Amino acid sequence: MSISSRFAVGIHILTLIEFNKDGVNSSEFLAESVNTNPALIRKIIGMLKKAGLVEVHPGIAGTKLAKKLSDITLLDVYKAVNVVQDNELFSIHESPNPKCPVGRNIQDAIIPVLSTAQLALEKVLKNVTIEDIVNDIMEKENVK
């Protein structure tokens, strides 16, 4: 299993909005870049709006950033698009056999490790902003 692609698509959307800040960021325009259906884009934009990351106005085509690029972290996007529930990045099977020494102890043995791993992931995501992503893409494009 992998983390939902909504996360990468959310980052893509926010980054493209910045690149096209003087244009109209319709769901059709964004979907063309992501190479997906505009309905999926609208769903993810709704999640980003609910999290306060974008602005959408009824009757007006386009989406705009609701915050400065430097104020939007990848952790904000991760949480906005409901990649996983809080503290549930790793699923643990719920009913191991209590008659088995491994079954009896596996959850207590791995839950602290998996919790630490999730915290490490979230720490990394918290330290990268959409501005960092935009700058990286701009640097790559200038090289070409």
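Everything numeric here is computed off the predicted structure, so don't read it as measured data. (Residues numbered from 1 in each chain as written. Predicted model: local features only at pLDDT ≥ 70, side-chain atom pairs only at ≥ 80, totals over all residues. Heavy atoms only, no water.)

Novice: Could you give me a rundown of the pattern of salt bridges, with the residues and numbers involved?
Specialist: Applying the stated rule across the entire model yields three salt bridges. Close ionic contact of K21 with E18 constitutes a salt bridge, the shortest N to O distance being 2.9 Å. Its relative accessible area of 17% is what places E18 among the buried residues. A salt bridge links K140 to D136; the shortest N-O distance between them is 3.0 Å. (Salt bridge = Lys/Arg side-chain N within 4 Å of Asp/Glu carboxyl O. Buried < 20%, exposed > 50% of the residue type's maximum accessible area, 1.4 Å probe, protein only.)

Novice: Tell me about the packing of aromatic side chains, and please be specific about residues and values.
Specialist: Counting across every chain of the model gives one aromatic pair. Here the aromatic rings of F7 and Y78 are separated by 5.6 Å at their centres, their planes lie at 85 degrees, and the arrangement is edge-to-face. With F7 in helix 1 (residues 6-19) and Y78 in helix 4 (residues 74-80), the pair connects residues that are 71 residues apart, well separated along the chain. Considered together, F7 and Y78 belong to a single accessibility category, that of buried residues. (Phe/Tyr/Trp six-rings, centres within 6.5 Å; stacked < 30°, edge-to-face > 60°. Helix = DSSP H or I, 4+ residues; strand = E, 2+ residues; numbered from the N terminus.)

Novice: I'd love a proper account of a nonpolar patch on the surface, names of residues and values included.
Specialist: Judged by side-chain polarity, F19, I137 and M138 come together as a nonpolar surface patch covering roughly 250 Å² of accessible area. Mapped onto the secondary structure, M138 falls in helix 6 (residues 130-143). Residue class for M138 comes out partly exposed when judged on its relative accessible area of 41%. (Patch = residues over 30% accessible without salt bridge, like charges linked within 9 Å, V, L, I, M, F, W, Y side chains within 5 Å. Areas by Shrake-Rupley, 256 points an atom, 1.4 Å probe, with all protein chains shown as cover.)

Novice: So what about the environment of I92? Which residues, and what values?
Specialist: If you trace the backbone, I92 turns up in the loop between helix 4 and helix 5 (101-126). Taking C-alpha positions, I92 is 22 Å from S5, a pair spaced 87 residues apart along the chain. Sequence-distant contacts of I92, defined by excluding residues within four places in its chain, comprise Q107, I110, I111 and L114. (Contact = heavy atoms within 4.5 Å.)

Novice: Describe in detail the packing of helix 2 (residues 27-34) against helix 3 (residues 38-50), supporting the description with residues and values.
Specialist: A packed helix pair is summarised by two numbers, namely the angle formed by the two axes and the spacing between the axes. Look at helix 2 against helix 3: their axes get within 8 Å of each other, and the N-to-C directions meet at 105 degrees. One finds that helix 2 runs roughly perpendicular with respect to helix 3. Where helix 2 approaches helix 3, its residues S27, E28, L30, A31 and V34 are matched on the opposing element by P38, I41, R42 and I45. By residue class, the composition of the contact of helix 2 with helix 3 is six nonpolar, one polar and two charged. (Axes fitted to C-alpha atoms, helices over the stretch in contact; angles between N-to-C directions. Parallel < 35°, antiparallel > 145°, perpendicular 65-115°, else oblique. Nonpolar A, V, L, I, M, F, W, Y, C, P; charged D, E, K, R; others polar.)

Novice: Lay out the nonpolar core with the relevant residues and their values.
Specialist: By size, the foremost hydrophobic cluster in this structure holds 30 residues, and its most contacted members are F7, I13, L14, I41, L48, V77 and I130. Those elements that place two or more of their residues in this core are helix 1, helix 2, helix 3, helix 4 and helix 6. Broken down by element, the residue count for this core peaks at seven residues, all from helix 1. Once residues within four sequence positions are removed from consideration, F7 is found in contact with L74, V77, Y78, V81, V83 and L125. (Core = buried A, V, L, I, M, F, W, Y, C linked by side-chain atoms within 4.5 Å.)

Novice: I'd like a description of the environment of F29, backed by residues and values.
Specialist: Mapped onto the secondary structure, F29 falls in helix 2. Accessibility expressed as a relative area gives 31% for F29, which makes it partly exposed. Each C-alpha atom of the pair F29 and I41 lies 9.7 Å from the other, and the pair is twelve residues apart in sequence. The contact partners of F29, leaving out residues within four places of it in the chain, are L16, N20 and V24.

It is worth stressing that arrangement in space is one thing and function is another; only the former is reported here.
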